[in-house]
Each structure stands twice: as structure tokens, then as C-alpha cells.
Amino acid sequence: MPQLSITKVFTYEAAHALLGYDGLCANLHGHSYRLEVTVCKPALPASPGFVLKSEAADPKTGMLMDFSDLKRIVHQAIIEPLDHALILNRDTDPVLIGHLRKNYRKVACMPFQPTSENMVLDFARRLSELLPPDIRLKKIRLYETATSFTDWEND
């Protein structure tokens, strides 16, 4: 079945460290993240030429979803809590976390290792809970660096 999809791109800054990791990412470090969120729904063709039906009474006719609505949802679920945050595994030493929270406003403790792979899984859950029922989350791409990214795709 044909599908329509839209994608919105977001950027945010965050720091993280991987608890117990043996490589460089065990150290506190930051990234300029780039997040691409794609949503979709089936397209219902009106003719063999796949021209979509429209109803003039609906100001959003012809839109899968208003980009500003998608932006609001992504900002609420991901950008606001994580932009300029320190993201740590919640199993990090609680005394250290307490000191960090006393001195810094945004310390996000996740129930997982804050890798890009785990974060896209978490983002998919967060966004799926907030999207309208007729809209399906299709893909999330999270760039950790300009040349390294993780994809999550809904089959």
C-alpha cells in the first residue's frame, strides 16, 4: 500500500558517559546530536494517478501531519529534557549523581546505558505514546557525530 511520510530534523547538545565501558566513551564527553524523525500513514489514492482526495473545509487537508505539531511532540518528548543535559546510566554512583544534581540543572539518569542505540529505542517509545492514533512512527535517525548514526525503523 502506498505511504506518505514526512521527516523533521532537530539538533541538540548533550554530554554523556558510558558506565563501565572499556573505551574512550567511559569518559564524560559531549555531542552535537542531529535527530531525524519520520512519521507516516497510508495514502489513499483517488485515481490511478495517485492524486489524493482533498476536502476544502479542512485547513490541514493534504497534510499527513502539520510539521509544527510534530515539532511540538518531539520537543516535549526529547529536546526539552535532553538539550544541554548530562545523560548518565541511573546505576551511576548515587552520591556522584546527587552532587551533580546539586550543581547542575539538567542531569538525566536513564534506565539504560546512554548509547545512541538505546536512546533511539527510548525515543521511539516516547514518541509513539504521543503521536495521534492515525500517525505511525516510521523511522528515527540519531547522529552522534557528523559521520556516525543509529537508525530505528518500524517495519
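Structure report, in brief.

Here we take up the pairing of strand β4 (residues 107–110). Sheet analysis places strand β3 (residues 85–89) next to β4, joined by 4 bridges and oriented parallel. Bridge pairing in β4 places Leu88 opposite Cys109.

Inspection of every chain in the model, using the stated rule, returns 2 aromatic pairs. Ring geometry for Tyr12 against Tyr33: centres 4.9 Å apart, planes inclined by 15 degrees, an arrangement best described as stacked. In this pair, Tyr12 sits in strand β1 (residues 3–16) while Tyr33 sits in strand β2 (residues 29–42), placing the two residues 21 residues apart along the sequence. Here the two residues Tyr12 and Tyr33 agree in accessibility, since each one is buried. Between Tyr143 and Phe149 the ring centres are 4.9 Å apart and the planes differ by 50 degrees, which places this aromatic pair in the tilted class. For Tyr143, a relative accessible area of 16% gives the class buried. Cation over ring: Lys8 sits above Phe10, and NZ or CZ is 6.0 Å from the ring centre.

The next subject is the nonpolar core. Counting 32 residues, the largest nonpolar core has Leu35 and Val39 as the members making the most contacts within it. Mapped by element, the contributors of at least two residues to this core are β1, β2, α1 (67–82), β4, α3 (116–130) and β5 (136–145). A per-element tally of this core places α1 first, with 7 residues. Among the nonpolar cores identified, the runner-up in size contains 5 residues, and Ala17, Leu86, Leu88 and Val107 belong to it.

What follows is about the pattern of salt bridges. Should their charged atoms come close, side chains of opposite charge can pair. With the rule as written, the count across this model stands at 7 salt bridges. Here Arg34 makes a salt bridge to Glu36, at a shortest N to O gap of 3.0 Å. Note that Lys41 is salt-bridged to Asp134, the shortest N-O span being 3.3 Å. Of this pair, Lys41 sits in strand β2 while Asp134 sits in the loop between α3 and β5, and the two are 93 residues apart along the sequence. By relative accessible area, Lys41 is classed as partly exposed at 24%. Of the residues examined, Asp134 reaches a relative accessible area of 45% and is grouped as partly exposed.

All right, on to the side chain of His31 then. Looking at the secondary structure, you find His31 in strand β2. By relative accessible area, His31 is classed as buried at 12%. Of note is the side chain of His31, whose polar atom sits 3.2 Å from the side chain of His16. Side chain to side chain, His31 and His29 meet in a polar contact 3.2 Å long. When near neighbours in sequence (up to four residues on either side) are disregarded, His31 contacts Tyr12, Glu13, Ala14, His16, Glu144 and Thr145.

Criteria and thresholds
- Residues numbered from 1 in each chain as written.
- Predicted model: local features only at pLDDT ≥ 70, side-chain atom pairs only at ≥ 80, totals over all residues.
- Heavy atoms only, no water.
- Pairing = 2+ DSSP bridges.
- Helix = DSSP H or I, 4+ residues; strand = E, 2+ residues; numbered from the N terminus.
- Phe/Tyr/Trp six-rings, centres within 6.5 Å; stacked < 30°, edge-to-face > 60°.
- Buried < 20%, exposed > 50% of the residue type's maximum accessible area, 1.4 Å probe, protein only.
- Lys NZ or Arg CZ within 6 Å of the ring centre and 35° of its normal.
- Core = buried A, V, L, I, M, F, W, Y, C linked by side-chain atoms within 4.5 Å.
- Salt bridge = Lys/Arg side-chain N within 4 Å of Asp/Glu carboxyl O.
- Polar contact = N/O pair within 3.5 Å; in protein donor to acceptor, adjacent residues only side chain to side chain.
- Contact = heavy atoms within 4.5 Å.

It is worth stressing that arrangement in space is one thing and function is another; only the former is reported here.
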